[in-house]
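Chain by chain, the residues:
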Amino acid sequence: MRSLLSLLWVLPFWGTAQPFLENKTYTYEELLSQYKKLDSQNEQATLFEMGPTDSGRKLHLLVLSNEGVSSLEEVKTQAGTKAVLLINNGIHPGESCGIDASLKFAKDLLAEKALPSNVLIAIVPVYNIGGMLNRNAHSRANQLGPEEHGFRGNARNLDLNRDFIKADALNTFSFYSIFHLLKPHVFIDTHTSNGADYQYTITLITPQKDKLNPVLSAYLAEDMEPALYKDMSARGWEMSPYVNVFGTTPDKGMSAFLETPRYASGYAALFNTLGFITETHMLKPYADRVLSTYTFLRTLTAYVSRESEQLKALKKRATAYDQNQAQLAVDWKLDSSRVQTLPFKGYAYTYEESALHNQKRLKYLQDRPQTYEVDYYEHYMATEVASVPEFYVVPQAYKEIPLRLQYNDVQMRPLLRDTLMEVESWYLTDFSFARAPYEGHIPLQQLTAEKRIQKRKFYKGDWLVYTNQPGRRFIVNTLHPTAVDAYLRWNFFDAIFQQKEWFSAYVFEDTAAELLENDPSLKAKYEAWLAGHPNAGAFRSLY
């Protein structure tokens, strides 16, 4: 792998201070000032003030176009004709290498007059503004620089990389607006990784191929991913797949990361956008982490430009493919039956006596690099498959859901009058919630559901959400009750779990006896229940 010193000879230098070379990163004010300068000094760069965030500051978007843009309407027009690359930074501001890399990336493209004519590039300078403002030197205890950095939680202490479906943060609604304005073909979210030690400076999470639209999956596996790995290696930054191991060492085997819709790249996949996550290694020098991320941005841009027509055609084909699918997978698990061998450049390691406790501690030996043949589990299998209905009905009372659907460019139609419809209803027969809060929610985890065909009355103003539209995957993955990140699981329907009416058992017993006498099937079910609950005892009054 190429050293930092040699890279400094070949990478462009734009004449102003680069804090990352001194193990520092920009403050929010410094970063925004740099982007405003780019806007004022370059006709091909426009900085837009977008929607609000939980911090009270507006989200910003830098648009780089060879032709220049002066309005969001022009951005939308060019996004309809060019391949679009959207870069998101600072979702975890303590992982700041992308923040610095993207600024250098934008400056160098402009200074070199190297903007591709067939690609529209959009950069979110920092997504989690509240976290960047909460600057400190200690919350990334295992990370080798920068000296000061932002904090993982946003202004509400939310992890924004778990918020792309539930949308608790104003940041997320603003991101929705950006994403659907641009409709990107390729998306990149920049991070720094924690965990094991190894030789690579940069690792990569690619879209999970077994849950991605098959049109895109084949292209990703056969062309795009191999090309990115090859080109990065040629530029001096050999990559590995994201080292998805915790509490063990990579030589014991590792699996691909499952980026469900709550995550940035998993969300992007619902709209047939190829979303990548860079993960630079915490124990490498900060300057190297920034430069490897910068190099990936240059590599990815060159690829998008080279393949622009193909990427545009594939997105259209993928969207058309979705419209013809009667079923879509909505939850997955690792397929442990499919394994391949991956050469992995790690370090030898040992377990030695701890100086702090009476247990052994893991220690990597960085002076003993070693290549392992690692079992790599790349594949996932569907555990839940939704039969796609013609439409879903969302009662207007659950106003949080239509709002999120509308922000995601989902078209809906209100009922014009009260209507009795025969529909497929889902009833939960068993369920359990998480035992502790997770990102502001107590998610519904395990559930068993059954379908019933029945006639139900809906009311004027209730929403019909038709699935025959470009957001089909998003619609099914949020409204199907057993989807891994369904609105149901994120507590949007929790009121249904609370009983609202009661009765006195001693009053009802005569009625119950009459019902059982007149309904043999009900009586049989009741007697079977009694047999299985011999200690049920007498009815108790609930008053």
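Parameters at a glance
Residues numbered from 1 in each chain as written. Predicted model: local features only at pLDDT ≥ 70, side-chain atom pairs only at ≥ 80, totals over all residues. Heavy atoms only, no water. Phe/Tyr/Trp six-rings, centres within 6.5 Å; stacked < 30°, edge-to-face > 60°. Helix = DSSP H or I, 4+ residues; strand = E, 2+ residues; numbered from the N terminus. Buried < 20%, exposed > 50% of the residue type's maximum accessible area, 1.4 Å probe, protein only. Lys NZ or Arg CZ within 6 Å of the ring centre and 35° of its normal. Patch = residues over 30% accessible without salt bridge, like charges linked within 9 Å, V, L, I, M, F, W, Y side chains within 5 Å. Areas by Shrake-Rupley, 256 points an atom, 1.4 Å probe, with all protein chains shown as cover. Salt bridge = Lys/Arg side-chain N within 4 Å of Asp/Glu carboxyl O. Lys, Arg positive; Asp, Glu negative; His and termini not counted. Charge placed at Lys NZ, Arg CZ, Asp CG, Glu CD. Expected span 1.5 Å × (residues − 1). Contact = heavy atoms within 4.5 Å. Pairing = 2+ DSSP bridges. Axes fitted to C-alpha atoms, helices over the stretch in contact; angles between N-to-C directions.

(A) Geometry of the packing of aromatic side chains. For the structure on display, the rule yields 31 aromatic pairs. Note on Phe-431 and Phe-497: the rings are 4.6 Å apart at their centroids and 55° apart in plane angle, and the pair reads as tilted. You can see Phe-431 sitting in strand E16 (residues 419-433) and its partner Phe-497 sitting in the loop between helix H12 (472-479) and helix H13 (505-518), a full 66 residues away along the chain. You can call Phe-431 partly exposed: its relative accessible area is 36%. Taking the relative accessible area as the measure of exposure, Phe-497 reaches 24% and is therefore partly exposed. The ring of Tyr-294 carries Lys-104 above its face, with NZ or CZ at 4.8 Å from the centroid. Lying across the ring of Trp-332, Lys-211 places its NZ or CZ 5.6 Å from the centre.

(B) Main features of a negative patch on the surface. Side chains of Glu-509, Asp-510, Glu-514 and Glu-517 sit close together on the surface and give a patch of like negative charge. By secondary structure assignment, the location of Glu-517 is in helix H13. The exposure class of Glu-517 is exposed, given its relative accessible area of 67%.

(C) A look at helix H6 (residues 170-182). In this model H6 runs 19 Å from its N-terminal to its C-terminal C-alpha over 13 residues, within 8% of the 18 Å that 1.5 Å per residue would give. Among the 13 residues in H6, 11 count as buried, and that is most of the element. Residues Asn-171, Thr-172, Phe-173, Ser-174, Phe-175, Tyr-176, Ile-178, Phe-179, His-180, Leu-181 and Leu-182 constitute the buried set of H6. Lys-183 sits one or two residues past H6 and shows a positive phi near 45°.

(D) Region of the structure containing the environment of Tyr-35. Of note, Tyr-35 is situated in helix H2 (residues 28-41). Once the C-alpha coordinates of Tyr-35 and Leu-47 are considered, the two residues, 12 residues apart in sequence, prove to be 7.0 Å apart. Setting aside anything within four residues of it in sequence, one finds Tyr-35 in contact with Leu-47, Leu-62, Ser-102, Leu-103, Ile-123 and Pro-125.

(E) Highlighting unusual backbone geometry. Of note, the amide linkage connecting Gly-145 to Pro-146 takes the cis form, showing an omega dihedral of 0°. Structurally, the position occupied by Pro-146 is in the loop between helix H5 (129-133) and H6. Located in the positive-phi region is Asn-157, a residue other than glycine, with phi close to 60°. Positionally, Asn-157 belongs in the loop between H5 and H6. By relative accessible area, which is 53% here, Asn-157 ends up exposed. The phi angle at Glu-439 is positive, at roughly 50°, despite the residue not being glycine. Assignment of secondary structure puts Glu-439 in the loop between E16 and strand E17 (444-458).

(F) Spotlight on helix H10 (residues 308-323). The terminal C-alpha atoms of H10, which comprises 16 residues, lie 24 Å apart, in line with the 22 Å expected from a rise of 1.5 Å per residue. Of the surrounding elements, those touching the buried residues of H10 are strand E3 (83-88), strand E5 (186-193), helix H7 (214-234), strand E9 (274-281), helix H9 (286-306) and H12.

(G) How the structure looks around the sheet that holds strand E15 (residues 413-414). The strand order E14-E18-E15 describes an open sheet built from three strands, whose pairing is antiparallel. Either end of the sheet is taken by a strand with one partner, and the two such strands are strand E14 (391-394) and E15. Bridge analysis of E14 against strand E18 (residues 463-466) gives four bridges, and the strand direction is antiparallel. Residue pairing for E18: Phe-391 is matched across the bridge by Tyr-466. Contacts from H12 reach E14 and E18 within the one sheet, and its direction differs from that of E14 by about 50°.

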